[in-house]
Amino acid sequence: MDLPVLVGVDGSEESLRAVDWAAGEAALRGAPLRLVYASLWERYEGSLIAQDVGKPAEEVMGEDIMNAAGRRARRHHPGLRLTTSVLADEPSFGLVNESSTARLVVLGCRGRNAVAELLLGSVSLSVAARAHCPVIVLRGGPEDRPARVVVGVAGKAAGPAAVRFAAEEAALRGVPLEAVRAWRRPAHGTTGHPLLAGGPAHAEEQEAAETLEEALRDVPEGLEQHRRTAEGHARDVLVAASRGAGLLVVGARRRTGRFGPRLGRVAHGVLHHAACPVAVVPETD
């Protein structure tokens, strides 16, 4: 089955930027592009219509938004296979449902009242936490695609899905893959004797390096790879690594809370603070 790249569109400039990215992803994969507009979107994140739509916000209909998005998608990829869907539905539910038959979801980063640089929009966060396939949320400024792909590697029990996705992205773009593993110095390490000082920290760093080797053992040899360990909280290490990167990839084992599935703290943190687009890849136990 030729699964599409799915992009959520609400008529805002951020969502049309997501269309650009998704069209590029579809073209790289030789996949169809599916544009989805949920009619209840503005109830969640306002109505900030881009100039490309060509009408005042109060006159814009779903068909106008789809037409503008379609024109945008074909601007650089005229041969792209394209389908559209207007859903009379709440956007998070509609996009999560559509993700079950997609290979990838792409979303803009937009907070309520357009505070896009500070807060992740509620729709983007909800879809990233619940989608059935990888989700790319566009953070940061305009993208320069020829840049390294960074993948955050969790503990030794980390699933391989995020690494596989990151390796595929790097190969498609022809850029290096950088795997990053954060480690923390033991809170009660032995520091009284000069010969023992740093011993526990060295062991933690060594374990982080071994974790990287294990995570990358199945990555194709022809792909340029870099491994880096860094001391600190995983969220802060990955946010720092996102500066200058083309894409940051994190795995996510969804936790179930009072209000349904939710992301772990690291994935949640990088979605709010990364300096480049973030891909959240579901990991299975």
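Scroll up to find the structure.
Residues numbered from 1 in each chain as written. Predicted model: local features only at pLDDT ≥ 70, side-chain atom pairs only at ≥ 80, totals over all residues. Heavy atoms only, no water.

A. Structural detail: the overall build of the protein chain. When its secondary structure is counted, the protein chain shows nine helices and twelve strands. The burial tally for the protein chain puts 48% of its 285 residues in the buried class. In the protein chain, once contacts between residues fewer than 6 apart in sequence are set aside, the share between residues at least 24 apart is 79%. When the accessible area of the protein chain is evaluated, it comes to approximately 13900 Å², of which 51% is carbon and sulfur surface. (Helix = DSSP H or I, 4+ residues; strand = E, 2+ residues; numbered from the N terminus. Buried < 20%, exposed > 50% of the residue type's maximum accessible area, 1.4 Å probe, protein only. Contact = heavy atoms within 4.5 Å. Areas by Shrake-Rupley, 256 points an atom, 1.4 Å probe, with all protein chains shown as cover.)

B. Layout of the sheet that holds strand β9 (residues 247-252). Read from one edge to the other, the open sheet built from ten strands follows the order β3-β2-β1-β4-β5-β12-β9-β6-β7-β8, with strand pairing classed as mixed. Bordering the open sheet on either side are β3 (82-87) and β8 (225-231), each of which pairs with just one other strand. Pairs of neighbouring strands in the sheet enclose a mean axial angle of 20 degrees, with direction left out of account. Packing against the sheet, helix α8 (residues 234-241) makes contact with β6 (149-152), β7 (177-183), β8 and β9, and its axis sits at approximately 150 degrees to β7. (Pairing = 2+ DSSP bridges. Axes fitted to C-alpha atoms, helices over the stretch in contact; angles between N-to-C directions.)

C. Structural detail: the packing of helix α4 (residues 91-98) against helix α5 (residues 122-130). At a closest axis distance of 9 Å, the pairing of α4 and α5 adopts a crossing angle of 35 degrees. As for how α4 packs across α5, the hand of that crossing is right-handed. Between α4 and α5, the contacting residues are P91, S92, F93, L95 and V96 on the first element and S122, V123, S126, V127 and R130 on the second. Its residues placed into classes, the contact of α4 with α5 shows six nonpolar, three polar and one charged. (Left-handed = near helix turned anticlockwise from the far one by under 90°. Nonpolar A, V, L, I, M, F, W, Y, C, P; charged D, E, K, R; others polar.)

D. Molecular detail of the nonpolar core. V7, V9, L33, V106, I136, L177 and V249 are the most contacted members of the largest nonpolar core, which totals 43 residues. Leave out the neighbours within four places in its chain, and V7 touches A18, V19, A22, L33, R34, L35, V36 and V106. Ranked by size, the runner-up nonpolar core spans 37 residues in total, among them A102, V127, C133 and L271. (Core = buried A, V, L, I, M, F, W, Y, C linked by side-chain atoms within 4.5 Å.)

E. Focus on the environment of V239. Summarising the element assignment, V239 is placed in helix α8. On the basis of relative accessible area, V239 is assigned to the buried category, the value being 12%. V239 sits 33 residues away from H272 along the chain, and the two C-alpha atoms are 9.5 Å apart.

F. Representation of the pairing of β7. Counting buried residues along β7, six of its seven residues qualify, which places the element largely inside the surrounding structure. Bridging between β6 and β7 involves four bridges; their strand directions are parallel. Note on β7: the bridge partner recorded for V150 is E178. Bridging between β7 and β8 involves seven bridges; their strand directions are parallel. By the bridge assignment, V180 is partnered in β8 with R228.

G. The arrangement of the pairing of β6 in detail. Side chains of β6 alternate between two faces, with V149 and V151 and V150 and G152 buried alike. Pairing of β6 with β9 involves three bridges; the strand directions are parallel. Across the sheet, V149 pairs through a bridge with L247, a residue of β9.

H. Region of the structure containing the environment of V7. Following the sequence through the fold, V7 ends up in strand β1 (residues 5-8). Assessed through its relative accessible area of 0%, V7 is described here as buried. Taking the C-alpha atoms as reference points, V7 and A69, 62 residues apart in sequence, are found 9.9 Å from one another.

I. Examining the pattern of salt bridges more closely. Under the counting rule described, the total for this entry stands at 16 salt bridges. For D20, the salt bridge identified is with R72, shortest N-O distance 2.9 Å. In this pair, D20 is assigned in helix α1 (residues 13-29) and R72 in helix α3 (residues 62-76), connecting sequence segments 52 residues apart. Residue class for R72 comes out buried when judged on its relative accessible area of 10%. The salt bridge involving E178 is made with R148; its shortest N-O contact spans 2.5 Å. Of this pair, E178 sits in strand β7 while R148 sits in the loop between β5 (135-138) and β6; the two residues are 30 residues apart in sequence, bridging distant segments of the chain. Under the relative-accessibility criterion, E178 is labelled buried at 10%. The exposure class of R148 is partly exposed, given its relative accessible area of 23%. (Salt bridge = Lys/Arg side-chain N within 4 Å of Asp/Glu carboxyl O.)

J. Structural detail: the environment of A128. Looking at the element boundaries, A128 is found in helix α5. On the accessibility criterion, A128 (0% relative accessible area) is buried.

Worth remembering: the numbers are spatial, not functional.
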